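Close look at the chain arrangement
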Amino acid sequence: EKGGWSSFMAKEISEEPEALEQTLLGRVHDGLVVLDEISGGVDDETLRAVDRIVVLGAGTAAYSGLLGKYAIEKWAGVAVEVDLAHEFRYRDPVLGPNTLVVSISQSGETMDTLMAVKYASERGARTLSICNTQGATIARESDAVLYTRAGPEVAVASTKAFTAQVVALYLFGLHLGRVRGVLSDEDSRAHVAELQALPAKLQEVLLQGDAVREMARQMSDTRSVLFLGRHVGYPVALEGALKLKELAYIHAEGFAAGELKHGPIALIEPGQRVFVIVPSPRDSSSLHPKVVSNIQEIRARGAHVLAIAEAGDVAVLPFADEVLRIPLAGPMFEPLLAVAPLQQFAMELAAAKGLDVDQPRNLAKSVTVE
Ligand code: BG6
């Protein structure tokens, strides 16, 4: 039931803080991640021996997987490759007994992903699935399962399940880092605290819904929107573009901001709308000034810049046409705050065009054929 919301999608976006909270529930003890639930199929000994992780999914699930790559490589020091499930088994993927395949699927029934998991199992890889549906086929076919607890997702375009998938991947990354002895308890606790602080921060982000609606209404005749992000902002850019395609049928593309000068900047002409996910200025990586200079470059060519930036980041103000704010969080956790405004934006733009937000044309919630 929509319970007073204009669409299931609006309701499901509003449930994201709860999806985050539920996915953390019972998995943190004394400030540290405890994932006993996967140890039946993927035990600590296996995790210590893993030399490579392959993450598989389709659509939104593949983008949450990309965020998982950044977190797992950073916290656990294991090489992670992210592949589209439907590409994976049609080449000759290299799999060994120490390859762990992590599949991501909201429904747990996507045929492309299921077939990829079966392929990996048959070739001796260990399989862990991240799934939102209790007892789903992919979960049953995997050695272990880590459930996201986003609750049922009805709208075809995924929102709260994405957020929960990222949290599940982060929990797994923290678990793996500790099991392998590369992540100190102290660092681990700091990351867990960041996760636990997210639901309240996300609630705050969602309060900007009216501003996002206004922004979307002004753009209802826009034909093309670009999304730029860097590091963990890159998967956010990809997901923002996917949402806009799915819901508002607008040509949209996400790019890694560093690619701009290698091609996409040729697309910039006066009036081109560009969302930019701006990294935190507090981060020592120096990515913030690089992305701000990207903004200057596209602005100089006439782009209309819509920035998603941390509260208090004033460096973007002279160059951005519009700014949406996210509360302060560690760099790895910002995507969990930055993606919601893009989900809202796609939904509002679709609504402004009079489209069916919950059931976009040509799409199905779960594609059970190859
Ligand atoms: C697509 C859906 O068909 O499948 C997307 O339209 C979804 O919203 C993708 O992200 C993957 O689905 P699942 O259930 O495997 O996560």
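Residues numbered from 1 in each chain as written. Predicted model: local features only at pLDDT ≥ 70, side-chain atom pairs only at ≥ 80, totals over all residues. Heavy atoms only, no water.

1. Focus: the overall build of the chain
- Helices and strands together make up the secondary structure of the chain, namely 13 helices and twelve strands.
- Every one of the 370 residues in the chain was classed for burial, and the buried ones make up 57%.
- When contacts within the chain are restricted to residue pairs at least 6 apart in sequence, those whose partners lie at least 24 apart make up 75%.
- Here the chain has roughly 14600 Å² of accessible surface; of this, 49% comes from carbon and sulfur atoms. (Helix = DSSP H or I, 4+ residues; strand = E, 2+ residues; numbered from the N terminus. Buried < 20%, exposed > 50% of the residue type's maximum accessible area, 1.4 Å probe, protein only. Contact = heavy atoms within 4.5 Å. Areas by Shrake-Rupley, 256 points an atom, 1.4 Å probe, with all protein chains shown as cover.)

2. Things to note about the side chain of Asn 132
- Locating Asn 132 in the fold gives a position in the loop between strand S6 (126-131) and helix H7 (137-141).
- Residue classification places Asn 132 among the buried positions, given a relative accessible area of 11%.
- Looking at Asn 132, its side chain comes within polar contact range of the side chain of Thr 148, at 3.0 Å.
- Within the structure, the side chain of Asn 132 is placed 3.0 Å from the backbone nitrogen of Ala 150, a separation counted as a polar contact.
- Setting aside residues no more than four positions away along its own chain, Asn 132 makes contact with Ser 105, Gln 106, Thr 148, Arg 149, Ala 150 and Gly 151. (Polar contact = N/O pair within 3.5 Å; in protein donor to acceptor, adjacent residues only side chain to side chain.)

3. Some remarks on the site of the ligand
- Lining the immediate environment of the ligand, one finds 13 residues, of which Ser 105, Gln 106, Ser 107, Thr 110 and Ala 364 sit closest.
- With respect to the ligand, the side chain of Ser 107 contributes an N or O atom lying 2.6 Å from an oxygen atom.
- In the model, an oxygen atom of the ligand is placed 3.1 Å from a nitrogen or oxygen of the Val 156 main chain.
- Coverage of the ligand by the protein chains reaches 90% of its 400 Å² of free accessible surface.
- Residue classes in the shell around the ligand are distributed as five nonpolar, six polar and two charged. (Near = heavy atom within 4 Å. Nonpolar A, V, L, I, M, F, W, Y, C, P; charged D, E, K, R; others polar.)

4. A few points about the pairing of strand S4 (residues 80-84)
- The pairing of strand S3 (residues 52-57) with S4 spans five bridges and is parallel. Residue pairing in the sheet places Leu 56 in a bridge with Asp 83 of S4.
- Between the parallel pair S3 and S4, the chain is carried across by helix H4 (residues 60-76), and the sense of this crossover is right-handed. (Pairing = 2+ DSSP bridges. Right-handed = clockwise from strand over helix to strand, strands pointing away.)

5. As for the pattern of salt bridges
- Scanning the entire structure with this criterion turns up 18 salt bridges.
- A salt bridge links Asp 83 to Arg 91; the shortest N-O distance between them is 1.9 Å. (Salt bridge = Lys/Arg side-chain N within 4 Å of Asp/Glu carboxyl O.)

6. A short note on the sheet that holds strand S9 (residues 251-256)
- Strand order in the open sheet formed by five strands is S9-S8-S10-S11-S12, with parallel pairing between adjacent strands. Of all strands in the sheet, those bounded by a partner on one side alone are S9 and strand S12 (322-326). Averaged over all pairs of adjacent strands, the angle between their axes in this sheet comes to 20 degrees, without regard to strand direction. (Axes fitted to C-alpha atoms, helices over the stretch in contact; angles between N-to-C directions.)

7. A closer look at helix H11 (residues 233-248)
- Given a rise of 1.5 Å per residue, 16 residues ought to cover 22 Å, and the 22 Å separating the end C-alpha atoms of H11 matches this to within 8%.
- Most of H11 is tucked away: 14 of the 16 residues are buried.
- Just downstream of H11, Tyr 249 is the residue with a positive phi angle, here 55 degrees. (Expected span 1.5 Å × (residues − 1).)

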